[in-house]
Amino acid sequence: MDLDKFHRAFIYTWFSTIAAILQFKIPSFALMKAALKYLVGIAGPSGFGSKSNADQVTQHSSINSQLTAIITGATSGIGAETARVLAKRGVRIVIPARDLKKAAIVKESIQKESPMAEIILLEIDLSSFASIQRFCAQFLSLGLPLHILINNAGKFSQKLEFSEDKIEMTFATNYLGHFLLTELLLEKMVETAEATGIQGRIVNVTSVVHNWVKRDQFRFCKLLNPKNYNGTRAYAQSKLANILHAKELSRQLKARNANVAINAVHPGIVKTGIIRDHKGFITDSLYFMASKLLKSTSQGAATTCYVALSPQTEGISGKYFADCNESHCSVLANDETEALKLWKGTRVLIHRRLLPPVG
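Residues numbered from 1 in each chain as written. Predicted model: local features only at pLDDT ≥ 70, side-chain atom pairs only at ≥ 80, totals over all residues. Heavy atoms only, no water.

1. Focus on empty space enclosed by the protein
Over the atoms, a rolling probe the size of a water molecule traces out where space has been left empty. Formally: For each structure, a 1 Å grid was placed over the protein atoms alone; sets of points admitting a 1.4 Å probe that cannot get out are labelled cavities, open sets with protein on both sides within 12 Å along at least five of seven lines are labelled pockets, and lining residues have an atom within 4 Å of a point. Grid points are joined across faces, edges and corners, and a volume is the space filled by probe spheres set on the points. Runs of E in the DSSP output that reach at least two residues are strands. Runs of H or I that reach at least four are helices, and both are numbered from the N terminus. All amino acids are sorted into three groups, where Ala, Val, Leu, Ile, Met, Phe, Trp, Tyr, Cys and Pro are nonpolar, Asp, Glu, Lys and Arg are charged, and the leftover types, Gly among them, are polar.
Under the definition given, this model contains 1 cavity of 30 Å³ or more. Here the largest cavity defines a volume of roughly 30 Å³. Around the largest cavity sit Arg-201, Ile-202, Val-203, Ala-261, Ile-262, Asn-263, Val-307, Thr-313 and Ile-316, which together line it. Elements supplying a minimum of two residues to the lining of the largest cavity: β5 (200–205) and β6 (260–266). Residue composition of the lining of the largest cavity, grouped by class: 6 nonpolar, 2 polar and 1 charged.

2. A word on the environment of Pro-311
Put simply, the test is: Each residue gets one of three labels from its accessible area relative to the maximum for its type: buried under 20%, exposed over 50%, partly exposed in between, using a 1.4 Å probe on protein chains only.
Mapped onto the fold, Pro-311 is located in the loop between α12 (297–309) and β7 (320–322). Taking relative accessible area as the criterion, Pro-311 reaches 53% and is therefore assigned exposed. Each C-alpha atom, one on Pro-311 and one on Ile-63, is 9.8 Å from the other, the two residues being 248 residues apart in sequence.

3. Considerations on the pattern of salt bridges
Heads up, the rule is: We define a salt bridge as a side-chain nitrogen of Lys or Arg found within 4 Å of a carboxyl oxygen belonging to Asp or Glu.
Scanning all chains against the criterion turns up 16 salt bridges. Among the ionic pairs, Arg-256 bridges to Glu-187, the shortest N-O distance being 3.0 Å. Separated by 69 residues along the polypeptide, Arg-256 in the loop between α9 (231–255) and β6 and Glu-187 in helix α7 (residues 169–196) bring together distant segments of the chain. Glu-248 is the partner of Arg-251 in a salt bridge, and the nearest nitrogen-oxygen pair spans 2.6 Å. In this pair, Arg-251 and Glu-248 both sit in helix α9, 3 residues apart, roughly one turn of the helix. Here Arg-251 falls in the partly exposed class, since its relative accessible area comes to 42%. A single network of salt bridges, built from pairs that share partners, joins Asp-55, Glu-81, Arg-84, Lys-88, Arg-89 and Glu-113.

4. Observations concerning the pairing of strand β3 (residues 119–123)
Here is the rule we go by: When DSSP finds two or more bridges between two strands, those strands count as paired. A clockwise course of the path from the first strand over the helix to the second, judged with the strands pointing away from the viewer, identifies a crossover as right-handed.
Sheet analysis places strand β2 (residues 92–97) next to β3, joined by 5 bridges and oriented parallel. Paired with Val-94 across the strands is Ile-120, a residue of β3. Once you follow β2 into helix α5 (residues 100–113) and on to β3, the crossover reads as right-handed.

5. Topic: the packing of helix α6 (residues 129–141) against α7
Operational definition: Only the contacting stretch of a helix is used when fitting its axis, a line to C-alpha atoms as for every element, and angles between N-to-C directions run 0 to 180 degrees. Roughly parallel means an angle under 35 degrees; roughly antiparallel, over 145; roughly perpendicular, 65 to 115; everything else is oblique. Handedness of a crossing is defined here by the sense of rotation of the near helix relative to the far one, left-handed for an anticlockwise turn of less than a right angle and right-handed for a clockwise turn. Any two residues whose heavy atoms approach within 4.5 Å are treated as being in contact.
Contact pair α6 / α7: the axes reach a minimum separation of 10 Å and the direction vectors enclose 25°. Put simply, α6 runs roughly parallel to α7. The chirality of how α6 crosses α7 is right-handed. Side by side, α6 and α7 meet where Phe-129, Ile-132, Gln-133, Phe-135, Cys-136, Phe-139 and Leu-140 of the first sit next to Leu-176, Gly-177, Leu-180, Leu-181, Leu-184, Leu-185 and Lys-188 of the second. Of the residues belonging to the contact of α6 with α7, the class tally is 11 nonpolar, 2 polar and 1 charged.

6. Examining the pairing of strand β4 (residues 148–151)
Side chains Ile-148 and Ile-150 of β4 all project onto a buried face; the interleaved residues Leu-149 and Asn-151 project onto the opposite face, where all are buried too. The pairing of strand β1 (residues 68–71) with β4 spans 3 bridges and is classified as parallel. The residue of β4 that forms the bridge with Ala-69 is Ile-148. Each parallel crossover has a hand, and for β4 linked through α7 to β5 it is right-handed.

7. A few points about the packing of α7 against α9
Viewed as axis vectors pointing N to C, α7 and α9 meet at an angle of 20°, and their least axial separation amounts to 8 Å. Judged by the inter-axis angle, α7 sits roughly parallel to α9. The element α7 and its partner α9 pack so that their crossing is right-handed. Contacts from Thr-170, Phe-171, Asn-174, Tyr-175, His-178, Phe-179, Thr-182 and Leu-186 of α7 reach α9 at Ala-234, Tyr-235, Ser-238, Lys-239, Ala-241, Asn-242, His-245, Leu-249 and Leu-253.

8. Some thoughts on the sheet that holds β2
Within the open sheet, the 8 strands sit side by side as β3-β2-β1-β4-β5-β6-β7-β8. Their pairing is mixed. The open sheet has two free edges, formed respectively by β3 and β8 (325–326), since each of these has just one partner strand. Here β6 pairs with β7 via 3 bridges, running parallel. Its bridge partner being in β7, Ala-264 is matched across the sheet by Tyr-320. Sheet contacts for α5: β2 and β3; angle to β3, the most-contacted strand, approximately 175°.

As C-alpha coordinates, this is what we get:
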(Lines give C-alpha, C1' and ligand atoms only; values in the text may rest on other atoms or scores of the structure.)
Protein backbone atom coordinates (compact mmCIF):
# COMPACT_ATOMS: atom_id res chain seq x y z
CA MET A 1 0.00 0.00 0.00
CA ASP A 2 1.46 3.38 -0.98
CA LEU A 3 1.81 6.25 1.50
CA ASP A 4 -1.15 8.21 0.16
CA LYS A 5 -3.47 5.21 0.47
CA PHE A 6 -2.17 4.50 3.95
CA HIS A 7 -2.85 8.05 5.09
CA ARG A 8 -6.39 7.80 3.75
CA ALA A 9 -6.93 4.49 5.51
CA PHE A 10 -5.56 5.85 8.77
CA ILE A 11 -7.64 9.04 8.61
CA TYR A 12 -10.72 6.95 7.85
CA THR A 13 -10.04 4.70 10.85
CA TRP A 14 -9.25 7.61 13.17
CA PHE A 15 -12.31 9.67 12.36
CA SER A 16 -14.57 6.62 12.46
CA THR A 17 -13.43 6.09 16.03
CA ILE A 18 -14.00 9.72 16.94
CA ALA A 19 -17.47 9.48 15.39
CA ALA A 20 -18.27 6.63 17.77
CA ILE A 21 -17.81 9.04 20.66
CA LEU A 22 -19.16 12.21 19.07
CA GLN A 23 -22.21 10.81 17.31
CA PHE A 24 -24.56 12.86 19.51
CA LYS A 25 -24.49 16.44 20.75
CA ILE A 26 -24.18 15.92 24.48
CA PRO A 27 -22.81 18.08 27.33
CA SER A 28 -19.03 18.13 27.75
CA PHE A 29 -19.15 16.31 31.10
CA ALA A 30 -21.23 13.50 29.60
CA LEU A 31 -18.88 13.40 26.62
CA MET A 32 -15.87 13.04 28.91
CA LYS A 33 -17.68 10.32 30.82
CA ALA A 34 -18.53 8.45 27.58
CA ALA A 35 -14.96 8.75 26.33
CA LEU A 36 -13.58 7.50 29.66
CA LYS A 37 -16.01 4.59 29.65
CA TYR A 38 -14.85 3.57 26.18
CA LEU A 39 -11.13 3.99 26.88
CA VAL A 40 -11.20 2.16 30.20
CA GLY A 41 -13.68 -0.44 28.99
CA ILE A 42 -16.21 0.12 31.77
CA ALA A 43 -18.96 -2.48 31.49
CA GLY A 44 -22.46 -1.50 30.44
CA PRO A 45 -25.79 -3.09 31.52
CA SER A 46 -24.82 -6.38 29.83
CA GLY A 47 -21.78 -6.71 32.07
CA PHE A 48 -19.44 -6.20 29.12
CA GLY A 49 -17.79 -3.20 27.48
CA SER A 50 -15.37 -2.04 24.82
CA LYS A 51 -12.49 -4.10 26.22
CA SER A 52 -14.43 -7.38 26.42
CA ASN A 53 -13.35 -10.04 23.94
CA ALA A 54 -15.25 -12.72 22.06
CA ASP A 55 -14.16 -15.54 24.37
CA GLN A 56 -15.30 -13.66 27.46
CA VAL A 57 -18.76 -12.73 26.19
CA THR A 58 -19.55 -16.33 25.18
CA GLN A 59 -17.99 -18.06 28.16
CA HIS A 60 -21.30 -18.71 29.89
CA SER A 61 -23.42 -19.32 26.80
CA SER A 62 -25.18 -22.63 27.40
CA ILE A 63 -25.70 -24.57 24.17
CA ASN A 64 -27.80 -27.66 24.84
CA SER A 65 -28.03 -28.80 21.22
CA GLN A 66 -25.76 -28.27 18.24
CA LEU A 67 -26.47 -25.02 16.48
CA THR A 68 -25.62 -24.26 12.87
CA ALA A 69 -24.28 -20.85 11.90
CA ILE A 70 -23.45 -19.31 8.53
CA ILE A 71 -20.81 -16.58 8.80
CA THR A 72 -19.88 -14.49 5.77
CA GLY A 73 -16.46 -12.86 5.58
CA ALA A 74 -15.00 -15.53 7.86
CA THR A 75 -11.71 -16.00 6.02
CA SER A 76 -10.01 -13.16 7.92
CA GLY A 77 -10.36 -10.53 10.63
CA ILE A 78 -13.34 -10.43 12.95
CA GLY A 79 -15.23 -12.91 10.76
CA ALA A 80 -12.55 -15.56 11.27
CA GLU A 81 -12.46 -14.78 15.00
CA THR A 82 -16.25 -15.08 15.19
CA ALA A 83 -16.06 -18.48 13.49
CA ARG A 84 -13.29 -19.62 15.86
CA VAL A 85 -15.19 -18.65 19.00
CA LEU A 86 -18.54 -20.05 17.90
CA ALA A 87 -16.87 -23.32 16.88
CA LYS A 88 -15.19 -23.43 20.28
CA ARG A 89 -18.66 -23.20 21.85
CA GLY A 90 -19.86 -26.20 19.85
CA VAL A 91 -21.57 -24.46 16.95
CA ARG A 92 -21.42 -26.08 13.50
CA ILE A 93 -19.89 -23.45 11.20
CA VAL A 94 -20.62 -22.89 7.53
CA ILE A 95 -18.15 -20.55 5.84
CA PRO A 96 -19.24 -19.14 2.47
CA ALA A 97 -16.09 -17.92 0.75
CA ARG A 98 -14.94 -16.59 -2.59
CA ASP A 99 -11.46 -17.97 -1.92
CA LEU A 100 -11.82 -21.56 -0.70
CA LYS A 101 -8.06 -21.88 -0.14
CA LYS A 102 -8.17 -19.09 2.44
CA ALA A 103 -11.26 -20.68 3.98
CA ALA A 104 -9.43 -24.01 4.25
CA ILE A 105 -6.60 -22.31 6.16
CA VAL A 106 -9.11 -20.84 8.62
CA LYS A 107 -10.79 -24.23 9.00
CA GLU A 108 -7.45 -25.91 9.76
CA SER A 109 -6.59 -23.24 12.32
CA ILE A 110 -9.94 -23.58 14.09
CA GLN A 111 -9.76 -27.36 14.20
CA LYS A 112 -6.29 -27.24 15.75
CA GLU A 113 -7.86 -25.50 18.73
CA SER A 114 -11.20 -27.32 18.57
CA PRO A 115 -10.58 -30.76 16.99
CA MET A 116 -14.25 -31.73 17.18
CA ALA A 117 -15.43 -28.62 15.37
CA GLU A 118 -17.57 -29.24 12.30
CA ILE A 119 -16.81 -26.70 9.59
CA ILE A 120 -18.30 -26.68 6.11
CA LEU A 121 -16.83 -24.63 3.27
CA LEU A 122 -18.95 -23.51 0.32
CA GLU A 123 -18.16 -21.11 -2.49
CA ILE A 124 -19.87 -17.72 -2.82
CA ASP A 125 -19.35 -14.30 -4.34
CA LEU A 126 -21.55 -11.89 -2.39
CA SER A 127 -21.49 -9.33 -5.18
CA SER A 128 -23.18 -11.81 -7.54
CA PHE A 129 -26.88 -12.68 -7.32
CA ALA A 130 -26.31 -15.89 -9.27
CA SER A 131 -23.50 -16.99 -6.95
CA ILE A 132 -25.63 -16.34 -3.88
CA GLN A 133 -28.43 -18.44 -5.37
CA ARG A 134 -26.00 -21.30 -6.02
CA PHE A 135 -24.65 -21.13 -2.47
CA CYS A 136 -28.11 -21.20 -0.92
CA ALA A 137 -29.16 -24.13 -3.12
CA GLN A 138 -26.03 -26.02 -2.05
CA PHE A 139 -26.55 -25.29 1.62
CA LEU A 140 -30.25 -26.19 1.59
CA SER A 141 -29.47 -29.45 -0.20
CA LEU A 142 -27.41 -30.52 2.84
CA GLY A 143 -30.59 -30.81 4.89
CA LEU A 144 -29.08 -28.99 7.88
CA PRO A 145 -30.94 -26.71 10.27
CA LEU A 146 -30.01 -23.02 10.41
CA HIS A 147 -30.04 -21.18 13.73
CA ILE A 148 -27.64 -18.28 13.17
CA LEU A 149 -26.84 -16.13 10.14
CA ILE A 150 -24.06 -13.57 10.55
CA ASN A 151 -23.86 -11.08 7.68
CA ASN A 152 -20.31 -9.98 8.40
CA ALA A 153 -18.50 -9.64 5.05
CA GLY A 154 -17.68 -6.10 4.02
CA LYS A 155 -15.97 -4.31 1.18
CA PHE A 156 -14.39 -0.85 1.10
CA SER A 157 -13.37 0.32 -2.36
CA GLN A 158 -11.64 3.62 -3.05
CA LYS A 159 -12.45 3.50 -6.75
CA LEU A 160 -15.76 2.99 -8.55
CA GLU A 161 -16.28 -0.65 -9.51
CA PHE A 162 -19.34 -2.57 -10.68
CA SER A 163 -20.52 -6.10 -9.97
CA GLU A 164 -21.44 -8.59 -12.69
CA ASP A 165 -25.03 -7.43 -12.12
CA LYS A 166 -23.88 -3.89 -13.03
CA ILE A 167 -24.35 -2.49 -9.53
CA GLU A 168 -21.81 -0.41 -7.59
CA MET A 169 -19.58 -3.00 -5.91
CA THR A 170 -19.63 -1.78 -2.29
CA PHE A 171 -23.43 -1.56 -2.18
CA ALA A 172 -23.79 -4.84 -4.08
CA THR A 173 -21.54 -6.72 -1.65
CA ASN A 174 -22.25 -5.14 1.72
CA TYR A 175 -26.00 -4.69 1.41
CA LEU A 176 -27.67 -6.30 -1.60
CA GLY A 177 -25.72 -9.55 -1.32
CA HIS A 178 -26.60 -9.97 2.34
CA PHE A 179 -30.21 -8.95 1.72
CA LEU A 180 -30.61 -11.69 -0.91
CA LEU A 181 -28.73 -14.24 1.21
CA THR A 182 -31.06 -13.54 4.12
CA GLU A 183 -34.17 -13.71 1.93
CA LEU A 184 -33.22 -17.08 0.49
CA LEU A 185 -32.38 -18.60 3.88
CA LEU A 186 -35.10 -16.99 5.98
CA GLU A 187 -37.71 -19.74 5.65
CA LYS A 188 -35.14 -22.34 6.67
CA MET A 189 -34.43 -20.28 9.80
CA VAL A 190 -38.14 -19.92 10.59
CA GLU A 191 -38.65 -23.69 10.11
CA THR A 192 -35.64 -24.48 12.31
CA ALA A 193 -36.93 -22.22 15.08
CA GLU A 194 -40.38 -23.81 14.93
CA ALA A 195 -38.96 -27.35 15.00
CA THR A 196 -36.43 -26.79 17.79
CA GLY A 197 -37.96 -24.01 19.88
CA ILE A 198 -34.62 -22.19 19.66
CA GLN A 199 -34.84 -18.60 18.49
CA GLY A 200 -33.10 -17.96 15.19
CA ARG A 201 -30.68 -15.04 15.18
CA ILE A 202 -29.56 -12.89 12.28
CA VAL A 203 -26.73 -10.42 12.86
CA ASN A 204 -25.99 -7.61 10.40
CA VAL A 205 -22.50 -6.22 10.97
CA THR A 206 -22.64 -2.48 10.32
CA SER A 207 -20.56 0.55 11.36
CA VAL A 208 -20.84 3.79 13.30
CA VAL A 209 -20.00 5.61 10.06
CA HIS A 210 -23.65 5.17 9.05
CA ASN A 211 -24.11 8.39 11.07
CA TRP A 212 -22.33 10.31 8.32
CA VAL A 213 -25.07 9.67 5.73
CA LYS A 214 -27.44 12.56 5.10
CA ARG A 215 -31.01 11.97 4.05
CA ASP A 216 -30.65 13.75 0.70
CA GLN A 217 -27.66 11.50 -0.15
CA PHE A 218 -29.57 8.28 0.41
CA ARG A 219 -31.44 7.61 -2.84
CA PHE A 220 -31.77 4.00 -3.95
CA CYS A 221 -31.17 4.54 -7.68
CA LYS A 222 -28.08 6.66 -6.96
CA LEU A 223 -26.68 3.97 -4.69
CA LEU A 224 -26.84 1.46 -7.53
CA ASN A 225 -25.02 3.67 -10.04
CA PRO A 226 -23.47 6.75 -8.40
CA LYS A 227 -22.42 9.66 -10.61
CA ASN A 228 -19.87 11.16 -8.21
CA TYR A 229 -18.27 8.26 -6.37
CA ASN A 230 -16.67 8.56 -2.95
CA GLY A 231 -15.44 5.36 -1.33
CA THR A 232 -16.07 6.39 2.28
CA ARG A 233 -19.55 7.68 1.46
CA ALA A 234 -20.42 4.49 -0.42
CA TYR A 235 -19.27 2.38 2.53
CA ALA A 236 -21.25 4.48 5.01
CA GLN A 237 -24.38 4.25 2.84
CA SER A 238 -24.10 0.46 2.65
CA LYS A 239 -23.75 0.27 6.43
CA LEU A 240 -26.84 2.46 6.90
CA ALA A 241 -28.70 0.11 4.57
CA ASN A 242 -27.64 -2.86 6.77
CA ILE A 243 -29.32 -1.24 9.79
CA LEU A 244 -32.47 -0.31 7.88
CA HIS A 245 -32.67 -3.90 6.63
CA ALA A 246 -32.50 -5.17 10.22
CA LYS A 247 -35.17 -2.72 11.36
CA GLU A 248 -37.67 -3.56 8.60
CA LEU A 249 -37.12 -7.32 8.61
CA SER A 250 -37.49 -7.35 12.39
CA ARG A 251 -40.86 -5.60 12.04
CA GLN A 252 -42.00 -8.17 9.48
CA LEU A 253 -40.85 -11.14 11.55
CA LYS A 254 -42.68 -9.83 14.61
CA ALA A 255 -45.83 -9.32 12.52
CA ARG A 256 -45.84 -12.99 11.49
CA ASN A 257 -44.89 -14.17 15.00
CA ALA A 258 -41.77 -15.86 13.67
CA ASN A 259 -39.26 -16.92 16.30
CA VAL A 260 -36.35 -15.27 14.50
CA ALA A 261 -34.61 -12.06 15.60
CA ILE A 262 -32.41 -9.74 13.59
CA ASN A 263 -30.12 -7.06 15.01
CA ALA A 264 -27.35 -4.80 13.76
CA VAL A 265 -23.95 -4.50 15.46
CA HIS A 266 -21.06 -2.05 15.27
CA PRO A 267 -17.89 -4.04 16.03
CA GLY A 268 -15.75 -0.99 16.77
CA ILE A 269 -12.63 0.10 14.93
CA VAL A 270 -10.18 -2.77 14.91
CA LYS A 271 -6.36 -2.55 14.94
CA THR A 272 -4.93 -3.56 11.58
CA GLY A 273 -1.52 -4.64 10.33
CA ILE A 274 -1.53 -1.56 8.09
CA ILE A 275 -1.31 0.78 11.07
CA ARG A 276 1.26 -1.32 12.90
CA ASP A 277 3.48 -1.80 9.84
CA HIS A 278 3.48 1.91 8.98
CA LYS A 279 3.94 3.19 12.49
CA GLY A 280 6.96 5.22 11.42
CA PHE A 281 4.87 7.43 9.17
CA ILE A 282 2.95 9.00 12.03
CA THR A 283 4.06 10.58 15.27
CA ASP A 284 4.49 8.35 18.29
CA SER A 285 1.97 10.38 20.25
CA LEU A 286 -0.72 10.07 17.58
CA TYR A 287 -0.11 6.34 17.27
CA PHE A 288 -0.31 5.98 21.05
CA MET A 289 -3.67 7.81 21.14
CA ALA A 290 -5.05 5.79 18.24
CA SER A 291 -3.92 2.49 19.76
CA LYS A 292 -5.96 3.26 22.88
CA LEU A 293 -9.09 3.73 20.79
CA LEU A 294 -8.66 0.78 18.42
CA LYS A 295 -9.76 -2.73 19.35
CA SER A 296 -8.06 -6.08 18.98
CA THR A 297 -9.63 -8.55 16.56
CA SER A 298 -11.14 -10.52 19.45
CA GLN A 299 -12.60 -7.35 20.98
CA GLY A 300 -13.97 -6.43 17.55
CA ALA A 301 -15.74 -9.80 17.26
CA ALA A 302 -17.16 -9.61 20.78
CA THR A 303 -20.40 -7.75 20.01
CA THR A 304 -21.25 -10.08 17.11
CA CYS A 305 -20.65 -13.15 19.27
CA TYR A 306 -22.60 -11.63 22.16
CA VAL A 307 -25.68 -10.90 20.05
CA ALA A 308 -25.45 -14.29 18.30
CA LEU A 309 -25.13 -16.48 21.41
CA SER A 310 -25.87 -14.68 24.67
CA PRO A 311 -29.03 -15.63 26.59
CA GLN A 312 -29.27 -11.92 27.48
CA THR A 313 -30.18 -11.08 23.87
CA GLU A 314 -32.95 -13.70 23.66
CA GLY A 315 -36.12 -12.06 22.34
CA ILE A 316 -34.40 -8.80 21.39
CA SER A 317 -34.85 -7.78 17.76
CA GLY A 318 -34.53 -4.70 15.59
CA LYS A 319 -31.88 -3.13 17.80
CA TYR A 320 -28.41 -1.65 17.26
CA PHE A 321 -25.55 -2.87 19.47
CA ALA A 322 -22.07 -1.51 20.17
CA ASP A 323 -19.57 -2.72 22.78
CA CYS A 324 -21.91 -5.61 23.66
CA ASN A 325 -24.72 -3.30 24.73
CA GLU A 326 -27.77 -1.79 23.06
CA SER A 327 -26.81 1.59 21.65
CA HIS A 328 -28.18 4.48 19.61
CA CYS A 329 -28.07 4.71 15.83
CA SER A 330 -28.80 7.76 13.70
CA VAL A 331 -32.23 9.32 13.24
CA LEU A 332 -32.19 8.20 9.61
CA ALA A 333 -31.34 4.61 10.62
CA ASN A 334 -34.38 4.64 12.92
CA ASP A 335 -36.75 5.93 10.24
CA GLU A 336 -39.37 3.20 9.68
CA THR A 337 -40.62 4.83 6.48
CA GLU A 338 -37.11 4.91 5.04
CA ALA A 339 -36.57 1.28 6.05
CA LEU A 340 -39.75 0.13 4.33
CA LYS A 341 -38.97 2.16 1.21
CA LEU A 342 -35.50 0.63 0.97
CA TRP A 343 -36.88 -2.87 1.50
CA LYS A 344 -39.51 -2.43 -1.22
CA GLY A 345 -36.97 -1.00 -3.67
CA THR A 346 -34.58 -3.86 -2.99
CA ARG A 347 -37.26 -6.52 -3.46
CA VAL A 348 -38.32 -5.02 -6.78
CA LEU A 349 -34.72 -4.87 -8.00
CA ILE A 350 -33.91 -8.45 -7.01
CA HIS A 351 -37.20 -9.75 -8.40
CA ARG A 352 -36.46 -8.15 -11.78
CA ARG A 353 -32.89 -9.43 -11.89
CA LEU A 354 -33.68 -12.99 -10.81
CA LEU A 355 -36.86 -13.50 -12.84
CA PRO A 356 -36.27 -12.86 -16.55
CA PRO A 357 -39.15 -11.31 -18.54
CA VAL A 358 -41.62 -13.71 -20.17
CA GLY A 359 -42.00 -13.73 -23.95
